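Examination of the molecular architecture
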Amino acid sequence: QLQLVESGGGLVQPGGSLRLSCAASGFTSDYYAIGWFRQAPGKEREGVSCISSSGRVTNWPDSVKGRFTISRDNAKNTVYLQMNSLKPEDTAVYYCGRASGTYCVRANFGSWGQGTQVTVSS
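Residues numbered from 1 in each chain as written. Predicted model: local features only at pLDDT ≥ 70, side-chain atom pairs only at ≥ 80, totals over all residues. Heavy atoms only, no water.

A few points about the overall build of the chain
Within the chain, the regular secondary structure consists of 0 helices and 11 strands. For the chain, the sequential pattern of α-helices and β-strands runs β-β-β-β-β-β-β-β-β-β-β. In summary, the chain has a C-alpha radius of gyration of 13 Å against a globular reference of 14 Å for 122 residues, a match within 12%. Overall size of the chain, expressed as C-alpha extent along the three principal axes, is 40 × 25 × 25 Å. Counting all 122 residues of the chain, 43% fall into the buried class. Look at the contacts in the chain between residues 6 or more apart in sequence, and 58% of them connect residues 24 or more apart. Of the accessible surface of the chain, which amounts to about 6300 Å², a share of 44% is contributed by carbon and sulfur atoms. Looking at charge distribution, the chain has the averaged site of its 12 positive side-chain charges lying 2 Å from that of its 8 negative ones. (Helix = DSSP H or I, 4+ residues; strand = E, 2+ residues; numbered from the N terminus. Rg over C-alpha atoms; globule rule 2.2 N^0.38 Å. Buried < 20%, exposed > 50% of the residue type's maximum accessible area, 1.4 Å probe, protein only. Contact = heavy atoms within 4.5 Å. Areas by Shrake-Rupley, 256 points an atom, 1.4 Å probe, with all protein chains shown as cover. Lys, Arg positive; Asp, Glu negative; His and termini not counted. Charge placed at Lys NZ, Arg CZ, Asp CG, Glu CD.)

Below, the structure is given as structure tokens:
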């Protein structure tokens, strides 16, 4: 059974850092693209960053480029999101999603974890 479990969220001051983890089970993660998404209060869920089965990275919003870094450890079936220079507008529930294939196509994501809360506030 497919499972995605996010962890690593918490309360951080502006300018701080967090590393989120997505632990996958029920499938071999190196065959699928894995992405991070977030949903802020009052906003729709948006894609943040994605890594394909071959390790190619796609960063979707300009606001996270240069601050967020996605990576994967296929031996551990785990995908990470390193978040630096956090801003209050980064506050959201962050979700890990699995695509139906190997590529970072946003429309192909349909399997999700339960999410982890990230709050950036002074």
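Now that the structure is up, let's keep going.
Focus: the sheet that holds strand β7 (residues 68-73)
Pairing between sheet strands relies on hydrogen bonds along the backbone, with the strands arranged either parallel or antiparallel. Here we have 4 strands laid out as an open sheet, ordered β1-β3-β8-β7, and antiparallel in their pairing. Of all strands in the sheet, those with a lone pairing partner are β1 (3-7) and β7, marking the two edges. Neighbouring strand axes in the sheet, compared pairwise and without regard to direction, differ in orientation by 15 degrees on average. Pairing of strand β3 (residues 18-25) with strand β8 (residues 78-83), which is carried by 6 bridges, proceeds in the antiparallel orientation. (Pairing = 2+ DSSP bridges. Axes fitted to C-alpha atoms, helices over the stretch in contact; angles between N-to-C directions.)

Topic: the packing of aromatic side chains
Overall, the coordinates contain 5 aromatic pairs when judged by the stated rule. Chaining the aromatic ring pairs together yields one cluster made of F37, W60, F109 and W112. Above the ring of W112, the side-chain terminus of R45 is found at 4.6 Å from the ring centroid. The aromatic ring of Y32 is capped on one face by R98, whose charged end is 4.0 Å from the ring centroid. (Phe/Tyr/Trp six-rings, centres within 6.5 Å; stacked < 30°, edge-to-face > 60°. Lys NZ or Arg CZ within 6 Å of the ring centre and 35° of its normal.)

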